[in-house]
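So you can see what is in the structure, the chains are spelled out below.
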Amino acid sequence: MRLIGQIEDWFERRLQLAGLIRETAEHAVPRNTASWFYVFGSAALTIFILQIVTGILLAMIYVPSAAEAWSSLQALNHDVTLGWFIRALHGWGSNFMIAIVLIHMVQVFLFGAYKFPRELTWIVGVFLLLVTLGMAFSGQVLRFDQDAYWGLGIGASIASHVPIIGSAAVKLMLGGPIIAGATLSRFFALHVFVIPGTLIALVGVHLLMVLKLGINEWPMPGRLVNRATYTNEYHELTERNGAPFVPYAIWKDLFFAGFILLAVAACAIYFGPFGPTGQPDPTIIQTAPRPDYFFLWLYALLSLLPPSMETPALLVGPVLVILGLLLLPFLSGEGEKSWRRRPIAVLAVLIIAVTLGTFTHLAGFAPWSPHMNAWSGDPIPERVLHGSTALERQGALVFQSKQCRNCHSLGELGGQRGPSLDSVAVRLTQDQLIRQVIQGGGNMPAYGKNLTPAETTALVAFLGSLHPAGQVPARDASRDTALGTGQEKSGSARP
Amino acid sequence: MPNENTLSRRGLFMKLGILFNGLVATALAVPIIGFVLSSITRGRANAYLAWVPLGSVNEFPEGETRLATFRNPNVMPTDGKTVDTACWVRRVERDQFQVFAINCAHLGCPVRWFPQSGLFMCPCHGGAYYRDGSRASGPPERGLFEYPYKVENGLVTIQAGELFTPGSSAGLFGKKLPCA
């Protein structure tokens with residue numbers, strides 16, 4: 001023991017850090033902040049450290065060259081001992097990090113922690129969120145597969161919308177005129193040097209401010225923040241009634257951090273690493289690129305926005321959101337902290353969560369994408385053809401062969417881009433069906449140039465037979481009057 | 001104690017030192033920024049573009065649309081397969097062609113041709129185009145991008161070398177796209 005003491009003394013004589021460390025560890029925090037709600041910041045930091053460690057390990061095998069990245073990922077997955085596990089830890093760590101950062105942000109927002117004097121801590125936090133998302137996107141690129149390749153194309157397309165410098169921005173992003181070797185190399189530099197360096201610096205400032213300004217006290221309804229009195233009030237909470245951070249509050253951070261690491265490891269073992277999917281070969285076009293989980297909402301948004309809204313939404317939307325987040329502490333820097341007395345804040349969080357959740361959920365099955373193989377893969381349901389005429393069956397053939405099925409479902413099978421046609425005859429009369437098929441409209445292409453009159457007749461006959469049992473097809477009353485056949489079904493009243 | 005207003009010898013040296021470093025930094029910044037922006041500045045002279053053969057005219061039957069692949073005119077050793085590019089070639093009649101970029105005019109996903117329905121469909125966000133490349137439905141704001149082409153000695157040749165992106169057609173540093 002004496003020897004250990006001597007070694008300690010030797011280092012302390014030279015480093016002189018013991019006092020600082022003790023002071024930092026034992027700084028007083030308000031007693032009620034020793035809460036399970038206050039563990040997310042340290043958990044995010046823990047996962048970031050895991051990401052650094054696993055990232056360095058991956059870089060020992062990974063080759064940041066467009067020609068070899070994909071095969072080096074395959075080697076990591078299949079040849080290098082436990083390479084799959086390190087990749088899985090890094091991939092799941094990334095998902096967990098974004099999730100924890102978002103939860104941390106929501107907690108900070110709902111607990112009013114961004115108010116005076118912690119405005120700058122919040123602002124740095126906003127940049128930390130952006131930088132974390134930057135890590136996620138650049139990391140997805142480094143997993144250089146089909147999704148990464150076409151994802152870069154999507155990124156370039158979005159960048160090209162910037163007025164005036166759009167074309168330059170694309171070339172700067174890609175490192176040249178096309179997605180190629182230079183693109184991957186520069187995303188490697190971003191993901192491994194630039195963004196992590198920024199992240200470490202920002203985390204340092206963020207933590208320093210947490211220490212200097214003190215952790216946000218537990219918000220009490222009715223205890224308002226006032227710039228003139230807050231510092232003294234907080235001092236009262238910490239100096240008179242506070243408790244040392246170590247060990248009073250830190251044990252919960254430690255438990256939660258350990259639990260989160262275990263959860264990442266469990267996901268890594270159970271689900272394994274992400275991809276890589278197919279080779280990044282642009283001549284393989286049989287692919288439907290999908291972004292990683294935390295960008296799925298964006299994928300949904302880009303599909304659902306009307307074309308005229310897209311450029312403004314892409315260019316102005318992010319600026320407004322980021323500006324809003326940055327200005328938040330200046331717009332409501334004082335006053336009530338407790339979420340119990342801030343209904344609009346709670347409502348805002350709920351609306352954003354539900355919106356992002358809905359978009360993410362929709363992106364899971366992408367109803368806006370045509371099902372490329374539905375026309376040849378999904379059969380016409382038997383019940384539809386039961387008792388149908390020869391013309392209707394011919395129409396069913398046209399329906400399949402002209403790929404209508406890629407966008408329209410029958411019996412739950414097929415694309416969902418257009419409406420399901422199970423009961424189309426109830427909605428549209430024969431004339432309306434003909435018009436819709438020939439001219440298109442709404443979101444449907446016009447098929448007039450691509451169908452012979454005979455094919456159109458057959459197709460419309462088939463569509464006219466699509467109605468649930470017991471429901472009468474739609475009919476044009478004026479035609480009935482003109483023909484004097486009021487009781488006849490429109491489905492059988494063909495010209 | 002030196003007077004507040006007078007400059008001491010060491011103070012002067014420090015200022016000269018800062019000035020010296022500033023000059024060196026500026027001098028170094030020129031090539032560094034030149035390197036960083038090289039991917040933009042090089043493209044200003046259309047140096048990326050070149051004529052690339054797609055194949056013999058006979059490989060493309062009249063009235064049909066076929067997939068063709070070509071190698072990007074500029075290749076770096078680390079590019080791997082990324083420099084191989086696909087495009088859709090429509091032979092309207094005789095020497096009249098349309099060569100469409102594989103990239104959807106919405107956000108660049110690879111569009112697929114369906115000859116039966118005469119439509120190009122995009123798997124990402126659901127864009128669709130008619131056989132002549134014009135927009136049929138979905139989020140794209142315009143029709144498919146077209147490569148400039150020429151037919152020489154029985155070879156279909158296109159001017160390629162740059163990724164088509166929807167917003168860049170009127171950029172300050174970008175050339176105007178041939179079909180925009």
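The model shown is predicted, which means the values in this text are computed figures rather than measured ones.

Draft legend 1. Representation of the overall build of chain A in the model. A count of helices and strands for chain A gives 22 helices and 2 strands. Here chain A has a C-alpha radius of gyration of 30 Å; the compact-globule value for 495 residues is 23 Å, and the former is much larger. In terms of principal-axis extent, the alpha carbons of chain A reach across some 105 × 60 × 45 Å. Looking at chain A as a whole, 39% of its 495 residues qualify as buried.

Draft legend 2. Just the domain arrangement of chain A, in detail. Annotation of chain A at the domain level lists domain 1 (2-365) and domain 2 (374-483). The C-alpha-based centres of domain 1 of chain A and domain 2 of chain A are spaced at 49 Å.

Draft legend 3. Region of the structure containing the pairing of strand β4 (residues 96-101) of chain B. All names here are of chain B. Pairing of strand β3 (residues 84-93) with β4, which is carried by 6 bridges, proceeds in the antiparallel orientation. Looking at β4, one finds that Arg91 is bridged to Phe97. From the end of β3 to the start of β4, which pair antiparallel, there are 2 residues, and Arg94 there has a positive phi angle of about 40 degrees.

Draft legend 4. Inspection of the interface of chain B and chain A at higher detail. In this complex, chain B contributes 52 residues to the contact, which on the side of chain A involves 58 residues. For the side of chain B that touches chain A, the secondary structure elements donating two or more residues are α2 (38-41), β3, β5 (112-114), β6 (119-121), β7 (128-130) and β8 (135-137) of chain B. Of the residues that constitute the side of chain B that touches chain A, the class distribution is 23 nonpolar, 23 polar and 6 charged.

Draft legend 5. Seen up close, the sheet that holds strand β10 (residues 149-152) of chain B. Residue and element names in this part refer to chain B. Strands sit in the order β1-β11-β10 across an open sheet of 3 strands; the sheet is antiparallel. Only two strands of the sheet have a single partner each, and these edge strands are β1 (50-56) and β10. Averaged over all pairs of adjacent strands, the angle between their axes in this sheet comes to 30 degrees, without regard to strand direction. Pairing of β1 with strand β11 (residues 155-160), which is carried by 6 bridges, proceeds in the antiparallel orientation. By the bridge assignment, Ala50 is partnered in β11 with Ala160.

Draft legend 6. Molecular detail of unusual backbone geometry. Residue and element names in this part refer to chain A. For the bond running from Phe116 to Pro117, omega is 0 degrees, close enough to zero to count as cis. Even without being a glycine, Gln16 presents a positive backbone phi close to 50 degrees. Looking at the element boundaries, Gln16 is found in the loop between α1 (2-15) and α2 (18-25). In this structure, Glu412 is a non-glycine residue whose phi angle is positive, near 75 degrees. Take Glu412: it is sitting in the loop between α18 (390-401) and α19 (424-427). C-beta crowding within 10 Å serves as the criterion here: with 10 such atoms nearby, Glu412 is assigned to the exposed category.

Draft legend 7. The sheet that holds β8 of chain B, seen in detail. Residue and element names in this part refer to chain B. Taken in spatial order, the 4 strands line up as β5-β6-β7-β8 in an open sheet, and their pairing is antiparallel. Two strands lie at the open edges of the sheet, namely β5 and β8, each paired on one side alone. Sheet twist, expressed as the mean angle between neighbouring strand axes with direction ignored, is 35 degrees. Judged from the 3 bridges that link them, β6 and β7 form a sheet pairing that is antiparallel. Note that in β7 the partner of Phe120 across the bridge is Tyr129.

Draft legend 8. Region of interest: the pairing of β10 of chain B. Pairing analysis gives 4 bridges linking β10 of chain B to β11 of chain B, with the strands arranged antiparallel. Its bridge partner being in β11 of chain B, Lys150 of chain B is matched across the sheet by Thr157 of chain B.

Draft legend 9. Structural detail: the nonpolar core. Residue and element names in this part refer to chain A. Ile47 and Ile100 are the most contacted members of the largest nonpolar core, which totals 111 residues. Those residues in contact with Ile47 that sit more than four places away from it in its chain are Gly93, Phe96, Met97, Ile100, Ile260 and Val264. Core analysis: the next-biggest nonpolar cluster, separate from the first, contains 22 residues, Leu433, Leu459, Ala461 and Leu466 among them.

Draft legend 10. Summary view of the environment of Leu208 of chain A. Turning to its location among the elements, Leu208 of chain A is positioned in helix α9 (residues 181-213). Along the primary structure Leu208 of chain A and Gln140 of chain A are separated by 68 residues, whereas in three dimensions their C-alpha atoms are 31 Å apart.

Draft legend 11. How the structure looks around the packing of helix α13 (residues 296-304) of chain A against helix α15 (residues 343-365) of chain A. Residues and elements named next belong to chain A. Here α13 crosses α15 at 80 degrees, and the two axes come no closer than 7 Å. For the element pair α13 / α15, the angle class is roughly perpendicular. Residues Leu296, Trp297, Tyr299, Ala300 and Leu301 of α13 lie in contact with α15, whose contacting residues are Leu356, Phe359, Thr360, Leu362 and Ala363. Classifying every residue of the contact of α13 with α15 by side-chain character gives 9 nonpolar, 1 polar and no charged.

Draft legend 12. Representation of the packing of helix α20 (residues 430-439) of chain A against helix α21 (residues 453-464) of chain A within the structure. Residues and elements named next belong to chain A. Here α20 crosses α21 at 125 degrees, and the two axes come no closer than 10 Å. Accordingly, the angle class assigned to the pair α20 and α21 is oblique. With respect to the hand of their crossing, α20 and α21 are arranged in right-handed fashion. Residues Gln430, Leu433, Ile434, Val437 and Ile438 of α20 pack against Thr456, Leu459, Val460, Leu463 and Gly464 of α21. Considering only residue class, the contact of α20 with α21 consists of 7 nonpolar, 3 polar and no charged.

Calculation notes
- Residues numbered from 1 in each chain as written.
- Chains lettered and ligands numbered in written order.
- Predicted model: local features only at pLDDT ≥ 70, side-chain atom pairs only at ≥ 80, totals over all residues.
- Helix = DSSP H or I, 4+ residues; strand = E, 2+ residues; numbered from the N terminus.
- Rg over C-alpha atoms; globule rule 2.2 N^0.38 Å.
- Buried ≥ 20, exposed ≤ 12 C-beta atoms within 10 Å, placed from the backbone.
- Domains from an automatic or database assignment.
- Pairing = 2+ DSSP bridges.
- Contact = placed C-beta atoms within 7 Å.
- Nonpolar A, V, L, I, M, F, W, Y, C, P; charged D, E, K, R; others polar.
- Axes fitted to C-alpha atoms, helices over the stretch in contact; angles between N-to-C directions.
- Core = buried A, V, L, I, M, F, W, Y, C linked by C-beta atoms within 7 Å.
- Parallel < 35°, antiparallel > 145°, perpendicular 65-115°, else oblique.
- Left-handed = near helix turned anticlockwise from the far one by under 90°.

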